[in-house]
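Here are the chains, one letter per residue:
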Amino acid sequence: QTATPFPCDKARYDDQQRTKALEAEALSVYQRYWKELNRLMAAGGTTEVTPEYRATLAGPMLENAMVVPRFLAERGWTAKPLVASVRVAIIHIPVRSDAEVSLVVCEDFTGTTFLNRDGQASGGGHLGVQHLAVRSIEGTLKIYDSVGGGNSCPIA
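Position numbers for residues start from 1 in each chain and track the written sequence from start to end. Two thresholds apply to this predicted model, a pLDDT of at least 70 for residue-level local features and 80 or more for giving and counting side-chain atom pairs, whereas whole-chain, interface and lining totals are computed over all residues. Think of the side-chain values as coming from all heavy atoms in the structure, minus any hydrogens and water.

A look at the state of the cysteines
What makes a disulfide is a covalent bond joining the sulfur atoms belonging to two cysteines. The following threshold applies: When two cysteine sulfur atoms are found within 2.5 Å, that pair is recorded as a disulfide. Secondary structure follows DSSP: runs of H or I at least 4 residues long count as helices, runs of E at least 2 residues long count as strands, and numbering of each begins at the N terminus. Think of it in three bands: with a 1.4 Å probe and only protein chains considered, a residue is buried below 20% of the maximum accessible area for its type, exposed above 50%, and partly exposed in between.
Under the definition given, this model contains one disulfide. A sulfur-sulfur distance of 2.0 Å marks the disulfide that ties Cys-106 to Cys-153. A torsion of 85° about the S-S bond marks the disulfide between Cys-106 and Cys-153 as right-handed. Of this pair, Cys-106 sits in strand β3 (residues 101–108) while Cys-153 sits in the segment after β7 (140–148), and the two are 47 residues apart along the sequence. Look at Cys-106 and you get buried, because its relative accessible area is 2%.

Have a look at this one:
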């Protein structure tokens, strides 16, 4: 005996396809941000918002994402070696009520060492878990807010 198929009309199918496309775009936006974050960490940070950050971030997330690059730039620190990995998943409980897509990310920098201007080890990286709110802002999907989620990754 087979399971009864779930009834799906054209409108429901189209809505599911729009949701899948939106989620795929949100993951792509996050990957662009992640690539830029790693580039900035390897370069010793920056005090200015980069074009790639402007393209992928907005609102409180833009300012939050600048904390580490500014910290590195102001102190003259670089990440050597930069050891970074990330796990990302869509979550279906909105981070904020106005989020079109919500993500959970586990950003792992535990193998990273930060060197000061003199080349001395001055700190190490850690694992950070965030829940991200993504929505269209001025016609472009951007990460616009984040909520910290502890230091234990919930993604298997």
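Right, picking up where we left off after that structure.
Some remarks on the nonpolar core
Rules: Each nonpolar core is a collection of buried residues, namely Ala, Val, Leu, Ile, Met, Phe, Trp, Tyr and Cys, held together in the definition by side-chain atoms within 4.5 Å. Two residues form a contact once any of their heavy atoms are found within 4.5 Å.
Membership of the largest hydrophobic core comes to 26 residues, with the highest contact counts inside it found for Tyr-30, Tyr-33, Tyr-53, Leu-57 and Ile-143. Where this core is concerned, the elements lending two or more residues are α1 (10–43), α3 (59–65), β3, β6 (127–137) and β7. With eight residues, α1 is the single largest residue contributor to this core. Filtering out sequence-adjacent residues up to four positions away, Tyr-30 remains in contact with Val-86, Val-88, Leu-103, Val-105, Glu-107, Leu-132 and Ile-143. Residues Val-104, Cys-106, Val-129 and Ile-155 belong to the second largest nonpolar core, which totals six residues.

Overview of the pairing of β7
As a reminder, the rule being used: Any two strands between which DSSP finds at least two bridges are classified as paired.
For β6 and β7, the ladder comprises eight bridges, and the chain directions are antiparallel. Residue pairing in the sheet places Val-134 in a bridge with Ile-143 of β7.

Looking at the pattern of salt bridges
So the rule is basically this: Here, a salt bridge means any side-chain nitrogen of Lys or Arg that lies within 4 Å of a carboxyl oxygen of Asp or Glu.
For the coordinates displayed, the defined rule picks out nine salt bridges. Asp-98 serves as the salt-bridge partner of Arg-135, at 2.4 Å between the closest nitrogen and oxygen. Remark: Asp-98 occurs in the loop between β2 (85–91) and β3 and Arg-135 occurs in strand β6; sequence separation between them is 37 residues. A relative accessible area of 25% means that Arg-135 is categorised as partly exposed. Overall, Asp-98 belongs to the partly exposed group, its relative accessible area being 28%. Each of Arg-96, Asp-98, Arg-135 and Asp-145 takes part in one network of salt bridges that share partners.

Overview of α1
As a reminder, the rule being used: How far a helix is expected to stretch is found by multiplying one less than its residue total by 1.5 Å.
Here α1 spans 50 Å end to end across 34 residues, near enough to the 50 Å set by a 1.5 Å rise per residue. Three or more residues of α1 are buried, namely Glu-23, Ala-26, Val-29, Tyr-30, Tyr-33, Trp-34, Glu-36, Leu-37, Asn-38, Leu-40 and Met-41. Backbone geometry just downstream of α1 places Gly-44 in the positive-phi region, at approximately 90°.

Description of the packing of aromatic side chains
Note the cut-off: Only rings of Phe, Tyr and Trp enter the pairing, Trp through its six-membered ring, and a pair is recorded when the two centres are within 6.5 Å. The plane angle decides the type: under 30 degrees is stacked, over 60 is edge-to-face, the rest tilted.
With the rule as written, the count across this model stands at six aromatic pairs. Look at Tyr-30 and Trp-34: their rings are 6.5 Å apart centre to centre, the planes differ by 20°, and that puts the pair in the stacked class. Of the two residues, Tyr-30 and Trp-34 are both situated in helix α1; the distance of four residues between them amounts to about one turn of the helix. Both rings, one in Tyr-33 and one in Tyr-53, keep their centres 5.6 Å apart while their planes meet at 40°; by these two values the pair is tilted. In this pair, Tyr-33 sits in helix α1 while Tyr-53 sits in helix α2 (residues 51–56), placing the two residues 20 residues apart along the sequence.

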